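Spelled out from the first residue to the last, the chains are:
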Amino acid sequence: MSGLLLEKKNAVIYGGGGAIGGAIARVFAREGARVFVAGRTQAKLDAVAHDIAAAGGTVETAHVDVLDERAVQEHADAIAATAGSIDVAVNAVSVMHDQGTLLADLSLEEFMRPIDGFLRPLFITSKAVARHMGRERPGVVLILSEPGAKLATSGILGHGVSAAGKEAFSRLLAAELAPGNIRVVDIRPHAVVDAPAAGSYTKDLFARSAAATGQSVQEFLEGGLAQGTLLKRLPTLTEIAETAAFLASDRAGAMTGTVANLSGGALVD
């Protein structure tokens, strides 16, 4: 067995310029994968690619709008034509959404924003890559969700429904793709403690909640949110990326249709 988890694997990361997507891309490249990072902000993609290339990894970038089904299909086709296959696909796409507003004050648009913003790209990207996966080369689709999928709390209607939808999509897709030698695994981190400093949209997402408690966003994460976990700490970008690399590797070949809970124990299934 190779010492590199993903040697000779071709991996595409949607949202690859983001905090989590970028962290995963860097670790995948370190573990021997040929990495294709796709997203809407070229400068962020270039920054990730620069880090990977500087460390001796192989990376290509593509400006792709994951809401454009045709563009995503053409990009996936191009990867397969160039690399021969797509072995791993990660959906790390994020969209700004509301957290904290109750039903009485929540607009239909705000409710639907995370549902449409997360689930539409998930369908589009999964469909595009699945055609180029599996059979003689094991394929893996990794999906990111959140503890909101399980929480019974107020103020996260749209967020909670979208998170639950991602986990249901992951489970059902796993059943559909398993006969083709394709695994689907969901990763459920909590809020990521070092993501705001890495440019994540969560710095703005949690700003209102933090202000309501008289804290900075970092204090809110390390204090209030972290205390709701069993470990009394939130996951880091490195922990998520390292776990993703293992799940994408053949060493996790018996895992599919399940959730890897990286919430620090915020929820125990």
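Structure: above.
Source: prediction; values computed, not measured. (Residues numbered from 1 in each chain as written. Predicted model: local features only at pLDDT ≥ 70, side-chain atom pairs only at ≥ 80, totals over all residues. Heavy atoms only, no water.)

A.B. asks: Any chance you could explain the overall build of the protein here in plain terms?
C.D. replies: Tallying secondary structure elements over the protein gives nine helices and seven strands in all. For 269 residues, the compact-globule formula gives about 18 Å, and the C-alpha radius of gyration of the protein, at 18 Å, lands near that figure. Referenced to the eigenvectors of the C-alpha coordinate spread, the extents of the protein come out at roughly 50 × 35 × 35 Å. In the protein, which comprises 269 residues, the proportion classed as buried is 50%. (Helix = DSSP H or I, 4+ residues; strand = E, 2+ residues; numbered from the N terminus. Rg over C-alpha atoms; globule rule 2.2 N^0.38 Å. Buried < 20%, exposed > 50% of the residue type's maximum accessible area, 1.4 Å probe, protein only.)

A.B. asks: Please explain helix H2 (residues 42-54) as it appears in this structure.
C.D. replies: Note on helix geometry: an α-helix contains 3.6 residues per turn, so any two residues three or four positions apart are oriented the same way. Helix length check: H2, at 13 residues, gives a terminal C-alpha distance of 18 Å against a target of 18 Å (1.5 Å per residue), a fit within 8%. For H2, the complete set of buried residues consists of Leu45, Val48, Ala49 and Ile52. Each buried residue of H2 lies within a common arc of 100° when the element is viewed along its axis, so the set occupies one face. For H2, exposure combined with an orientation more than 90 degrees from the buried face picks out Ala43, His50 and Ala54. Of the surrounding elements, those touching the buried residues of H2 are helix H1 (19-30), strand S2 (34-39) and strand S3 (58-63). Immediately downstream of H2, the backbone of glycine 56 shows phi near 90°, a positive value. (Expected span 1.5 Å × (residues − 1). Arc of directions from axis to C-beta. Contact = heavy atoms within 4.5 Å.)

A.B. asks: Looking at this model, I keep getting lost on the packing of H1 against helix H9 (residues 237-248). Mind explaining?
C.D. replies: Packed helix pairs are specified by the crossing angle of their axes together with the interaxial distance, meaning the distance between the axes. H9 packs onto H1 with a crossing angle of 50° between their chain directions and a minimal axis gap of 8 Å. It follows that H1 is oblique to H9 by the angle criterion. The handedness of the crossing between H1 and H9 comes out as right-handed. In contact with Ala19, Ile20, Ala23, Ile24, Val27, Phe28 and Arg30 of H1, H9 contributes Leu237, Ile240, Ala241, Glu242, Ala244, Ala245 and Ala248. Taken together, the residues of the contact of H1 with H9 break down into twelve nonpolar, no polar and two charged. (Axes fitted to C-alpha atoms, helices over the stretch in contact; angles between N-to-C directions. Parallel < 35°, antiparallel > 145°, perpendicular 65-115°, else oblique. Left-handed = near helix turned anticlockwise from the far one by under 90°. Nonpolar A, V, L, I, M, F, W, Y, C, P; charged D, E, K, R; others polar.)

A.B. asks: Would you mind showing me how to read the sheet that holds strand S4 (residues 88-91) here?
C.D. replies: As a general point, the strands of a sheet are linked pairwise by backbone hydrogen bonds and lie either parallel or antiparallel. Strand order in the open sheet formed by seven strands is S3-S2-S1-S4-S5-S6-S7, and the pairing between neighbours is parallel. Two strands lie at the open edges of the sheet, namely S3 and strand S7 (258-262), each paired on one side alone. Across the sheet, the axes of successive neighbouring strands diverge by a mean angle of 20°, strand direction being ignored. Summarising the sheet, strand S6 (residues 182-189) and S7 pair through five bridges and their orientation is parallel. Bridge pairing in S7 links arginine 188 to asparagine 261. The sheet strands contacting H2 are S2 and S3, and the helix crosses S3 at an angle near 175°. (Pairing = 2+ DSSP bridges.)

A.B. asks: Can you help me understand the nonpolar core in this one?
C.D. replies: Grouped burial of nonpolar side chains is what soluble globular proteins tend to show. Residues Phe28, Val35, Val90 and Leu142 are the most contacted members of the largest nonpolar core, which totals 36 residues. Aside from chain neighbours lying at most four places away, what touches valine 35 is Ala11, Ile13, Ala25, Phe28, Ala29, Ile52, Thr58, Val59 and Glu60. (Core = buried A, V, L, I, M, F, W, Y, C linked by side-chain atoms within 4.5 Å.)

A.B. asks: Teacher, can you tell me more about the environment of serine 85 here?
C.D. replies: Summarising the element assignment, serine 85 is placed in the loop between helix H3 (69-83) and S4. For serine 85, a relative accessible area of 8% gives the class buried. When the C-alpha atoms of serine 85 and glycine 199 are compared, they prove to be 31 Å apart, with 114 residues separating the residues in sequence. Among residues more than four places away in sequence, those in contact with serine 85 are Asn10, Ile79, Ala80, His132 and Arg137. Within the structure, the side chain of serine 85 is placed 3.1 Å from the side chain of aspartate 87, a separation counted as a polar contact. (Polar contact = N/O pair within 3.5 Å; in protein donor to acceptor, adjacent residues only side chain to side chain.)

A.B. asks: Explanation requested: the packing of helix H4 (residues 108-130) against helix H5 (residues 157-177) in the structure shown.
C.D. replies: Between H4 and H5, whose axes approach to 7 Å, the crossing angle comes to 20°. Considered as vectors, H4 and H5 are oriented roughly parallel to each other. Considering how the two elements wind past one another, H4 and H5 form a crossing that is right-handed. Of the residues in H5, those touching H4 at Phe111, Pro114, Ile115, Phe118, Leu119, Leu122, Phe123, Ser126 and Ala130 are Leu157, Gly158, His159, Val161, Ser162, Gly165, Lys166, Phe169, Leu173 and Leu177. Classifying every residue of the contact of H4 with H5 by side-chain character gives 13 nonpolar, five polar and one charged.

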